[in-house]
Amino acid sequence: MSDFDTEAFALRLAELADSKLAIDVAVLDMRELVSYTDFLVICTARNERQSAAITDEVRISVKRDEGMLPSGVEGKDAMGWLVMDYLDCVLHVFTPEARERFALEELWHEAPRLELAFAGDGDSRRAASG
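The paragraphs below set out a description of the structure included in this document. (Residues numbered from 1 in each chain as written. Predicted model: local features only at pLDDT ≥ 70, side-chain atom pairs only at ≥ 80, totals over all residues. Heavy atoms only, no water.)

## A word on the pattern of salt bridges
So, point 1. A full pass over the atoms with the stated rule returns eight salt bridges.
So, point 2. As a salt-bridge pair, Arg-12 and Glu-66 come within 3.8 Å of each other at their nearest N and O atoms. One end of the pair, Arg-12, is in helix H1 (residues 6-19); the other, Glu-66, is in helix H2 (residues 48-66), and 54 residues separate them in sequence.
So, point 3. In this structure Arg-12 comes out as partly exposed when scored by relative accessible area, which is 23%.
So, point 4. Put simply, Arg-64 and Asp-65 hold a salt bridge, and the shortest N to O gap is 2.9 Å.
So, point 5. Using a relative accessible area of 57% as the deciding quantity, one classes Arg-64 as exposed.
So, point 6. Each of Arg-12, Arg-64, Asp-65 and Glu-66 takes part in one network of salt bridges that share partners. (Salt bridge = Lys/Arg side-chain N within 4 Å of Asp/Glu carboxyl O. Helix = DSSP H or I, 4+ residues; strand = E, 2+ residues; numbered from the N terminus. Buried < 20%, exposed > 50% of the residue type's maximum accessible area, 1.4 Å probe, protein only.)

## Some words on the sheet that holds strand S3 (residues 72-76)
So, point 1. Strand order in the open sheet formed by five strands is S1-S2-S5-S4-S3, and the pairing between neighbours is mixed. Every other strand in the sheet has two partners, leaving strand S1 (23-29) and S3 as the edge strands with one partner each. Averaged over all pairs of adjacent strands, the angle between strand axes in this sheet comes to 10 degrees, irrespective of strand direction.
So, point 2. As judged from the six bridges shared by strand S2 (residues 39-44) and strand S5 (residues 89-94), these two strands associate in the parallel manner. Bridge assignment links Thr-44 to a residue of S5, and that residue is Phe-94.
So, point 3. Its contacts with the sheet place H1 against S1, S2 and S5, and it is angled at close to 10 degrees to S2.
So, point 4. Across the sheet, H2 lies against S2, S3, strand S4 (81-85) and S5, angled at about 10 degrees from S4, the strand it touches most. (Pairing = 2+ DSSP bridges. Axes fitted to C-alpha atoms, helices over the stretch in contact; angles between N-to-C directions. Contact = heavy atoms within 4.5 Å.)

## Section: the side chain of Thr-95
So, point 1. You can see Thr-95 is positioned in the loop between S5 and helix H3 (96-102).
So, point 2. On the basis of relative accessibility, which here comes to 8%, the residue Thr-95 falls in the buried class.

## Observations concerning unusual backbone geometry
So, point 1. Despite not being glycine, Asp-24 has its phi angle at roughly 50 degrees, a positive value.
So, point 2. Owing to a relative accessible area of 40%, Asp-24 belongs among the partly exposed residues under this scheme.
So, point 3. Of note in the backbone geometry, Ala-103 takes a positive phi value of approximately 45 degrees without being a glycine.
So, point 4. Tracing the sequence through the fold places Ala-103 in the loop between H3 and helix H4 (104-107).
So, point 5. On the basis of relative accessibility, which here comes to 16%, the residue Ala-103 falls in the buried class.

Here is the structure:
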């Protein structure tokens, strides 16, 4: 597993969330800040239904393509927050209210953000296509 590219995997998680129209997708590089994970992938879902669609897409695609399952899934749709722990990469899916409440980007403001190759904002993509 030494050849596993955690940065590429974090970007893959971000792309999967984006494919389900997640809003404000961010990838924080945590390697210099903590020992328990390399990257946090953070995104916003408009509601619990979209949150479930994002986490379902991630679980299915990662299992199919990488043969991996999360080591844990925490949170509840009703709380507006779900986390999928892939150890070196952790995906957080929030509703807008929960993202504001938890404020992970503020908490980890010193963490560098990876540049994403996609728009990362379902609203702008929808407006452009509609």
